[in-house]
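Understanding the architecture of this molecule
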Amino acid sequence: MQLDKVDLNLLRYLDSLLREQNVTHAANQLGITQPAMSNGLRRLRDLFHDPLLVRTSDGMMPTALAIQLQPRVSLILQSVDEVLHLGQSFDAGSSSRVFRIMASDYAEATLIPPLMARLQKEAPNVILDVMNPSDVSFHDVEKGKVDLIINRFETLPQSFHQKSVWVDRFACIAHKDSELAKNPSLDSYMSAQHVWVSKTGFGVGVGVQPDEVQKLGWVDSTLADMGLKRSIRLFTRNYNVAMRATEQLGLVATLPLLATRLLGESTEIVVLPTPFEIPPVELKMLWSPLLQHDPGHMWIRQTISACAQVIADSN
């Protein structure tokens, strides 16, 4: 096979086809017609002497050769992308680019407002589109449809790039007249009624099962290791709701310390250290290898990191 006789655009077609495993979807991703993509697939089959994608009852499936080709083709395209971006820069002051960020409620509430304030000064025309975890799948991120995901994670796809945003510790919030506020001990904590708040993961969410302690997160897993279980009366995915429940219903919330800043100037709620040790929570941002060398993407990552550092240092 002679390189000068090969249309290197076919590698883009192949990468998209293997990601989407659907001719129409691959064509839409690259902004070409479905017949053009079908023609590209035919040429790829001739080039590699292999069908590459085979129609089955479960849809189009990659052949053994295609599975071997996919990471190699992706690496080649990333290298080409890096070369093409050398010497390029991103003019934040004049850009009107839209950055799509999936953020948990915790990340959105603590990071996005100060980030937006920074952008208004440095990049007044840049737009943020902040989405919920239920709006996004790992596949969307892998394809570059979403610029960044900012959340807490237990397991991560190895292909993604990642960077720590900050590490936060847990705290309790309680009504100033509660027993916990008057006597901040483990006994008073366990005697209280609690509100659970968390939002991690991707895709359409499912309801919480209160008896599945290990699935409730760091707080309840830590208590379970101590042979304890708190009484949870309200499950929510929204930190503002959790705080209002603390203020108006007398429930106790255990949440990352930076999130307590949402209390503002509330005089009814007190912030207390947890009466037991809870592992710290790490907020991370993840992105697709497809965006690693994009100048604008590099700028938004650097800007988020700088903004997060200021927030973390003031904690």
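Quick note: structure is the one above.
The sections below set out a description of the structure shown in this document. (Residues numbered from 1 in each chain as written. Predicted model: local features only at pLDDT ≥ 70, side-chain atom pairs only at ≥ 80, totals over all residues. Heavy atoms only, no water.)

**Regarding the environment of Thr-33**
Test applied: Runs of E in the DSSP output that reach at least two residues are strands. Runs of H or I that reach at least four are helices, and both are numbered from the N terminus. Throughout this description, a polar contact denotes any pair of N or O atoms lying within 3.5 Å of each other; where both atoms belong to protein, one of them has to be capable of donating a hydrogen while the other can accept it, and for residues adjacent in sequence the pair is counted only when both atoms sit in side chains.
Tracing the backbone through its elements, the reader meets Thr-33 in the loop between helix 2 (23-30) and helix 3 (34-48). In sequence terms Thr-33 and Val-23 are 10 residues apart; their C-alpha atoms lie 9.7 Å from each other. From its side chain, Thr-33 meets the backbone nitrogen of Ala-36 in a polar contact 3.2 Å long.

**A closer look at the nonpolar core**
Most often, soluble globular proteins have nonpolar side chains that are buried together. For clarity, the cut-off: As used here, the term nonpolar core means buried Ala, Val, Leu, Ile, Met, Phe, Trp, Tyr and Cys residues forming a set that is joined through side-chain atoms within 4.5 Å. Throughout, exposure labels follow a simple rule: accessible area from a 1.4 Å probe, protein chains only, divided by the maximum for the residue type, with under 20% read as buried, over 50% as exposed, and the rest as partly exposed. Only heavy atoms enter the contact rule, under which two residues are in contact if any of them lie within 4.5 Å.
Core analysis: the biggest nonpolar cluster contains 53 residues, and Leu-111, Ile-150, Trp-166 and Ile-304 have the highest contact counts within it. Beyond its immediate stretch of four places on either side in the chain, Trp-166 contacts Tyr-106, Thr-110, Leu-111, Leu-258, Val-281, Glu-282, Leu-283, Ala-308, Ile-311 and Ala-312. Core analysis: the second largest hydrophobic core is formed by 18 residues, Leu-41, Leu-44, Met-60 and Val-73 among them.

**Structural notes on the environment of Arg-261**
Residue position: Arg-261 is located in the loop between strand 10 (252-256) and strand 11 (269-273). Separated by 10 residues in sequence, Arg-261 and Val-271 place their C-alpha atoms 9.8 Å apart.

**Some remarks on the packing of helix 1 (residues 9-20) against helix 3**
In helix packing, the relevant descriptors are the interaxial angle and the interaxial distance, both defined with respect to the helix axes. Defined as follows: All axes here are fitted lines through C-alpha atoms, helices being fitted over the stretch that makes contact, and every angle between N-to-C directions spans 0 to 180 degrees. Relative orientations are named as follows: roughly parallel for angles under 35 degrees, roughly antiparallel for angles over 145 degrees, roughly perpendicular for angles from 65 to 115 degrees, and oblique for any other angle. Amino acids are sorted into nonpolar (Ala, Val, Leu, Ile, Met, Phe, Trp, Tyr, Cys and Pro), charged (Asp, Glu, Lys and Arg) and polar (every other residue, Gly among them).
Packing of helix 1 against helix 3 brings their axes to within 10 Å, and their N-to-C directions diverge by 105 degrees. When the interaxial angle is binned, helix 1 and helix 3 end up roughly perpendicular. Contacts between helix 1 and helix 3 pair Leu-10, Tyr-13, Leu-14 and Leu-17 from the former with Ala-36, Met-37, Gly-40, Leu-41, Arg-43, Leu-44, Leu-47 and Phe-48 from the latter. When grouped by side-chain class, the residues that make up the contact of helix 1 with helix 3 number 10 nonpolar, one polar and one charged.

**Some points on the packing of helix 5 (residues 105-122) against helix 11 (residues 295-313)**
Our working definition: A crossing counts as left-handed when the near helix is turned anticlockwise from the far one by less than a right angle, and as right-handed when that turn is clockwise.
At a minimum axis separation of 10 Å, helix 5 and helix 11 run at an interaxial angle of 120 degrees. In terms of orientation, helix 5 and helix 11 fall into the oblique class. Once helix 5 is placed against helix 11, the crossing between them reads as right-handed. Listed contacts from helix 11 to Thr-110, Leu-111, Pro-114, Leu-115, Arg-118, Leu-119 and Glu-122 of helix 5 are Trp-299, Ile-300, Thr-303, Ile-304, Ala-306, Cys-307, Ala-308 and Ile-311. Among the residues making up the contact of helix 5 with helix 11, the classes are represented as 11 nonpolar, two polar and two charged.

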